[in-house]
Amino acid sequence: MDTRMLSLTQQVANWADEMDYSDKYCDDIYEYRRVTIPRNMVTALPVGRTMEEWEWRQNGITMSRGWEHYDHHAPEANVLLFRRVLGTDPKTGQIPPKMALKVQQRNQYVHELEQERQRMIQEQAQREQTGGMEY
């Protein structure tokens, strides 16, 4: 193994020792947890997107199957947010069939909320451009 790879392997091991995993908390569809990583690890993570499972595992984050890195905690760049569908098999990562419809409905609802938010932002920008004059 070359020196650079050994160094990276050692760094990941050091990071893993310094990580903190929150207790799980739930809503009606997902269980959630926060993973606090060392601040110097933040620069090694992808920018502007969440990580795939293989990426967060490669960086020393260890959890059972089925967890999804779904967001970053904006106030603290070193806090990563994970979720998993309730009832997911921790060995296979498979979600219960009865939960698939609930997940789909939640995703649709979130999509609709985001569309409405974007519409409101555009309307606000138009009002600001016209000096607040209503049409």
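Values in this document were obtained by computation on a predicted structure and should not be read as measured data.

J.: Looking at this structure, how should I read the UniProt feature "coiled-coil region" (unreviewed entry) in the protein?
T.: Those residues carrying the UniProt feature "coiled-coil region" (unreviewed entry) are residues 103-130 in this numbering. Helix makes up 96% of residues 103-130 and strand 0%. Its end C-alpha atoms lie 41 Å apart.

J.: Help me out: how do you make sense of the environment of R49 in this one?
T.: With respect to the secondary-structure elements, R49 resides in the loop between β3 (30-36) and α2 (53-58). For the pair R49 and H72, spaced 23 residues apart in sequence, the C-alpha to C-alpha distance is 8.9 Å. Apart from residues no more than four positions distant in its own chain, R49 is found in contact with E55 and H72.

J.: In this structure, what is going on with the packing of aromatic side chains? I would like to understand it.
T.: Taken as a whole and assessed by the stated rule, the structure comprises four aromatic pairs. When the ring of Y25 is compared with that of Y32, the centres are 5.6 Å apart and the planes differ by 20°; the resulting orientation is stacked. For the ring pair W56 and F82, a centre distance of 5.2 Å and an interplane angle of 80° mean the geometry is edge-to-face. With W56 in helix α2 and F82 in strand β5 (residues 79-85), the pair connects residues that are 26 residues apart, well separated along the chain. Take W56 and F82: they sit in the same class, and that class is buried. Feature note: the residues Y25, Y30, Y32 and Y70 constitute an aromatic cluster, connected by ring pairs. Cation over ring: R33 sits above W67, and NZ or CZ is 5.7 Å from the ring centre. A cation over an aromatic ring shows up here: R83 above the ring of Y30, its NZ or CZ 4.4 Å from the ring centre.

J.: Mind showing me how you'd approach the pairing of strand β4 (residues 68-72) here?
T.: Two strands pair when backbone bridges link them, and β4 and β5 are joined in this way by four bridges, in the antiparallel orientation. Bridged to E68 within β5 is R83. Between the end of β4 and the start of β5, which pair antiparallel, lie six residues.

J.: Teacher, can you tell me more about the environment of S64 here?
T.: With respect to the secondary-structure elements, S64 resides in the loop between α2 and β4. S64 gets classed as partly exposed once you look at its relative accessible area, which sits at 29%. A polar side-chain atom of S64 sits 2.7 Å from a polar atom in the side chain of R84.

J.: Sorry, what's going on with a nonpolar patch on the surface here?
T.: Together, Y109, V110 and L113 make up a nonpolar patch on the protein surface, roughly 300 Å² of accessible area in all. Inspection of the secondary structure assignment puts Y109 in helix α3 (residues 97-129).

J.: I'm lost on the pattern of salt bridges in this one. Help?
T.: It is possible for side chains bearing opposite charge to pair when their charged atoms get close. Tallied over the entire structure, the rule returns 10 salt bridges. Salt-bridge contacts for D27 lead to R106; the nearest nitrogen and oxygen are separated by 3.1 Å. Here the residue D27 occupies a position in the loop between β2 (25-26) and β3, and R106 occupies one in helix α3, the gap between them amounting to 79 residues. The class of D27 is partly exposed, set by a relative accessible area of 27%. Among the ionic pairs, E53 bridges to R65, the shortest N-O distance being 3.1 Å. Highlighted residues: E53 in helix α2 and R65 in the loop between α2 and β4, separated in sequence by 12 residues. A cluster of three or more residues bridged by salt bridges with shared partners is formed by D27, D28 and R106.

Conventions and cut-offs
- Residues numbered from 1 in each chain as written.
- Predicted model: local features only at pLDDT ≥ 70, side-chain atom pairs only at ≥ 80, totals over all residues.
- Heavy atoms only, no water.
- UniProt positions renumbered as here; feature names shortened; annotations may be inferred.
- Helix = DSSP H or I, 4+ residues; strand = E, 2+ residues; numbered from the N terminus.
- Contact = heavy atoms within 4.5 Å.
- Phe/Tyr/Trp six-rings, centres within 6.5 Å; stacked < 30°, edge-to-face > 60°.
- Buried < 20%, exposed > 50% of the residue type's maximum accessible area, 1.4 Å probe, protein only.
- Lys NZ or Arg CZ within 6 Å of the ring centre and 35° of its normal.
- Pairing = 2+ DSSP bridges.
- Polar contact = N/O pair within 3.5 Å; in protein donor to acceptor, adjacent residues only side chain to side chain.
- Patch = residues over 30% accessible without salt bridge, like charges linked within 9 Å, V, L, I, M, F, W, Y side chains within 5 Å.
- Areas by Shrake-Rupley, 256 points an atom, 1.4 Å probe, with all protein chains shown as cover.
- Salt bridge = Lys/Arg side-chain N within 4 Å of Asp/Glu carboxyl O.

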